[in-house]
Amino acid sequence: MTIKEILEKAKQQGRTALNEVESKDVLKTIGIPTTETRLATSKEEAVAFAKAIGFPVVLKIVSQDVLHKSDSGGVKLNITNEEGVSRAYDEILTSVKKAVPSAKIEGVSVQNMARSGLEVIIGLSKDPQFGPVLMFGIGGILVEIMKDVAFRIVPLTRRDAREMIREIKGYPLLEGYRGMEPANIPLLEEMLLKVSNFAEENPDVREMDLNPVYAYRDNALAVDARIILD
Ligand code: ADP
Ligand code: MG
């Protein structure tokens, strides 16, 4: 599906949020690497998708009423076999129904388990004055406690992308602090420019949240994604 088709389908169904599977389809289309992710609507389908993708896999709730999936027991990581998929599927539905009884559930996503890397976040939001604004920061605890993020107005220039990465306090982490795996910084710059282009070409995108993106020496991978429309 093209980006327009993905956005149109959500609108026709009266949704303003793309689910994780649709959001990751958009990422693939714009050239941002992400996990292989499929939407299962039965336990049997979840098992079949896990076998097709290859173990280990991750299962997650897909529901527009569940914003923080892990807080509601809606994320199961590192599942290594078919029986684990069946169990995780049931456990996710039970926990989410308990945490958010009114939640309308679309299904459960099945995705490959990514090796962990340095967590960064890429976000897009609309400022009433400046229009679309892009955010980059270090993910995890640092973003919650330190608010270690940088902002630039869309459309980003190459120089904006370079600068915003270098101005965060956590930049030494990206360079490979004390033997940690360094991040591929030019690739992260490319990703920021791709999100900026996407926002420019699709003005009805109101918000985008790639949290986390795992940054590796050679690559980077968005493991969670959410796109919201006007
Ligand atoms: P939410 O932010 O809604 O709680 P996430 O999809 O971000 O849910 O999942 C929670 C955490 O699980 C992530 O921050 C990440 O650490 C880990 N995670 C999620 N998806 C994957 C994946 N495909 N591979 C490896 N780790 C993952
Ligand atoms: Mg997340």
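In what follows, the structure referred to is the one given above.
Every value quoted in this text rests on a predicted model; they were computed, and no experiment measured them.

1. Let's talk about the packing of helix α6 (residues 158-167) against helix α8 (residues 185-201)
Reasoning step 1: The interhelical angle for the contact between α6 and α8, taken along N-to-C directions, is 120°, at an axis separation of 9 Å. It follows from the interaxial angle that α6 and α8 lie oblique. As for the relative orientation of α6 and α8, their crossing is right-handed in sense. When α6 is examined against α8, the residues Arg 158, Ala 161, Arg 162, Met 164, Ile 165 and Arg 166 are found in contact with a partner set consisting of Ile 185, Leu 188, Glu 189, Glu 190, Leu 192 and Leu 193.
Reasoning step 2: Split by residue class, the contact of α6 with α8 holds 7 nonpolar, no polar and 5 charged.

2. Section: the site of ligand 1
Reasoning step 1: What surrounds ligand 1 is a group of 19 residues, the closest being Lys 60, Lys 69, Ser 70, Ala 114 and Asp 224.
Reasoning step 2: In the environment of ligand 1, a nitrogen atom lies 3.0 Å from a nitrogen or oxygen atom belonging to the backbone of Asn 112.
Reasoning step 3: Computed on the free molecule, ligand 1 has an accessible area of 540 Å², of which 85% lies beneath the protein chains in the complex.
Reasoning step 4: Of all the secondary-structure elements, those providing two or more residues to the shell around ligand 1 are β3 (57-62), β4 (75-79), β5 (107-112) and β9 (205-215).
Reasoning step 5: Looking at which element gives the most residues to the shell around ligand 1, the answer is β9, with 3 residues.
Reasoning step 6: Taken together, the residues of the shell around ligand 1 break down into 9 nonpolar, 6 polar and 4 charged.
Reasoning step 7: Here the shell around ligand 1 gathers at least three residues from each of two domains, domain 1 (36-113) and domain 2 (118-229).

Reading guide: rules and limits
Residues numbered from 1 in each chain as written. Chains lettered and ligands numbered in written order. Predicted model: local features only at pLDDT ≥ 70, side-chain atom pairs only at ≥ 80, totals over all residues. Heavy atoms only, no water. Axes fitted to C-alpha atoms, helices over the stretch in contact; angles between N-to-C directions. Helix = DSSP H or I, 4+ residues; strand = E, 2+ residues; numbered from the N terminus. Parallel < 35°, antiparallel > 145°, perpendicular 65-115°, else oblique. Left-handed = near helix turned anticlockwise from the far one by under 90°. Contact = heavy atoms within 4.5 Å. Nonpolar A, V, L, I, M, F, W, Y, C, P; charged D, E, K, R; others polar. Near = heavy atom within 4 Å. Polar contact = N/O pair within 3.5 Å; in protein donor to acceptor, adjacent residues only side chain to side chain. Areas by Shrake-Rupley, 256 points an atom, 1.4 Å probe, with all protein chains shown as cover. Domains from an automatic or database assignment.

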